[in-house]
Amino acid sequence: HRDLHVRSRRQRQMCIRDSAIGILPYLDINLGSNSKKHLSFRLASGLAYIQKPFDIETNYKNVVIGSHLNNTTDFQLKYRFNITPKLETRIGLGLQHYSNGAFLRPNLGLNIPHASIGFKYGITETKSPASKTYKSDSSRFYTAYNYGWKTITFGSKTSYSVHNLALGYSLALNKNRYFHFQLDVIYDYSIPYLKVYDYKLKAIDNWIVGPFLWYEKRYGNIGLAIGSGYYIHSIYKTFNQDWSFKNKGGRFYNRGSLKVYFKHFYSSLSIKAHAGEADNLEIGIGYRFK
């Protein structure tokens, strides 16, 4: 009993010492304001360092996060009001998510609800950058290349590259909103290792092709996009929930993406998923034709 008590106490101390630190650029989206009160939605996404991820020898009980480096996304509903003309109070309720996009497993993800309060001194009025109006871009064709990487087994250190070339058309709507129609051509190096096949794989089986539809909202040169696609050529047949091998397939796939636009080029950070389970993290670059 004494040994169990000591181990339990040590485990609690290890949990207390565990920590995370991150840097998150954010967008503050105006939901309505007046001269003294302001309601907004804050969307932040960046990088975080987790102190004690899964390790097969030293931290095998942590089956949630498998890497030190992770993406962290924060959603927060924020209410701001002025106590005095120069003192502003900010009260927020939100949810913070940590995930590595399945480039190292396990990757169940951490979801942390939180509340916050802050103060800002020296202002004369409340003004949200998100209240600016931006000139909408024109409809145009584009091409993009994304590089992704992932692991497929629990606790594995072996990762596999995923290359994706996309050709598409961007349809500009009003209020800086867009629909993107594209064709994804994907080469996935992990396919031969997903399972023991009962037939011999051909060279073409590593290739995956699918049409994809995006919806995007831009704030200045920052774009937030979500979308779904369907594989028209793939060896995937059913989504497999085997805990030893993740994301063996499924015809439908989806993405969430953060984009930064320049004149004709843009960069992107995306998470590609099957049935809500992250498949791989992607970094990309695109070019928009005139």
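Structure: above.
Here the structure is a predicted model, which is why all the values come from computation and not from measurement.

Asks: How should I be thinking about the overall build of the protein in this particular structure?
Replies: In terms of helices and strands, the protein carries 1 helix and 14 strands. Counting the 290 residues in the protein, one finds 41% classified as buried. Counting only contacts in the protein whose residues sit at least 6 apart along the sequence, the fraction spanning at least 24 positions is 58%. Entry remark: accessible area of the protein is about 16800 Å², with carbon and sulfur atoms responsible for 63%.

Asks: Which parts of the structure should I look at to understand the sheet that holds strand β11 (residues 222–230)?
Replies: The strands that make up a sheet pair up through hydrogen bonds in the backbone, lying either parallel or antiparallel. In spatial order, the strands read β7-β8-β9-β10-β11-β12-β13-β14; together these 8 strands close into a barrel with antiparallel pairing. Between one strand axis and the next, the sheet turns through 25 degrees on average, direction left out of account.

Asks: Please explain the nonpolar core as it appears in this structure.
Replies: Generally speaking, a soluble globular protein has its nonpolar side chains buried in company with each other. If you look at the biggest cluster of nonpolar residues, it comprises 19 residues, and the most contacted ones within it are I191, L194, I208, Y231 and Y236. Secondary structure elements with two or more residues in this core: β7 (140–150), β8 (160–172), β10 (207–219) and β12 (252–261). If one sorts the elements of this core by residue count, β10 sits on top with 3 residues. The residues contacting I208, other than those within four sequence positions of it, are D184, V185, I186, D188, I191, Y231, H233, S234 and Y236.

Asks: Can you help me understand the pattern of salt bridges in this one?
Replies: Pairing between side chains of opposite charge can happen when the charged atoms of each approach one another. In total, this model carries 10 salt bridges according to the counting rule given. Measuring nitrogen to oxygen at the nearest pair gives 3.2 Å for the salt bridge that ties K150 to D279. Here K150, found in strand β7, pairs with D279, found in strand β14 (residues 277–288); they are 129 residues apart in sequence, far enough to count as distant. Taken individually, K150 and D279 each receive the classification buried, so the pair is uniform in this respect. Taking the shortest distance from any N to any O, the salt bridge between K259 and E216 comes out at 3.6 Å. Here K259, found in strand β12, pairs with E216, found in strand β10; they are 43 residues apart in sequence, far enough to count as distant. Ionic contacts of the salt-bridge type, sharing partners, join the residues K150, D188, K272 and D279 into one network.

Asks: Before we go on, may I ask you to explain the side chain of N176 in this structure?
Replies: Relative to the helices and strands, N176 resides in the loop between β8 and β9 (177–188). Judged by its relative accessible area of 6%, N176 is buried. Engagement of the side chain of N176 in a polar contact is seen with the side chain of Y178, the distance being 3.1 Å.

Asks: Looking at this model, I keep getting lost on the packing of aromatic side chains. Mind explaining?
Replies: We describe a pair of aromatic rings using the distance from one ring centre to the other and the angle between the two ring planes. This structure, assessed with the given rule, holds 15 aromatic pairs. Of note, R218 hangs over the ring of Y261, and the distance from its end group to the ring centre comes to 3.9 Å. The residue whose ring lies beneath R255 is F212, and the NZ or CZ to ring-centre distance is 4.8 Å.

Asks: Is there a simple way to think about the pairing of β12 in this case?
Replies: What you see with β12 is a clean split: Y253, R255, S257, K259 and Y261 sit on the buried side and F252, N254, G256, L258 and V260 on the side with no burial. Bridge analysis of β11 against β12 gives 9 bridges, and the strand direction is antiparallel. Paired with A225 across the two strands is S257, which belongs to β12. As paired strands, β12 and strand β13 (residues 265–274) are joined by 8 bridges and run antiparallel to one another. From the neighbouring strand, S257 faces β13, where its bridge partner is S270. From the end of β12 to the start of β13, which pair antiparallel, there are 3 residues.

What counts and what doesn't
- Residues numbered from 1 in each chain as written.
- Predicted model: local features only at pLDDT ≥ 70, side-chain atom pairs only at ≥ 80, totals over all residues.
- Heavy atoms only, no water.
- Helix = DSSP H or I, 4+ residues; strand = E, 2+ residues; numbered from the N terminus.
- Buried < 20%, exposed > 50% of the residue type's maximum accessible area, 1.4 Å probe, protein only.
- Contact = heavy atoms within 4.5 Å.
- Areas by Shrake-Rupley, 256 points an atom, 1.4 Å probe, with all protein chains shown as cover.
- Pairing = 2+ DSSP bridges.
- Axes fitted to C-alpha atoms, helices over the stretch in contact; angles between N-to-C directions.
- Core = buried A, V, L, I, M, F, W, Y, C linked by side-chain atoms within 4.5 Å.
- Salt bridge = Lys/Arg side-chain N within 4 Å of Asp/Glu carboxyl O.
- Polar contact = N/O pair within 3.5 Å; in protein donor to acceptor, adjacent residues only side chain to side chain.
- Phe/Tyr/Trp six-rings, centres within 6.5 Å; stacked < 30°, edge-to-face > 60°.
- Lys NZ or Arg CZ within 6 Å of the ring centre and 35° of its normal.

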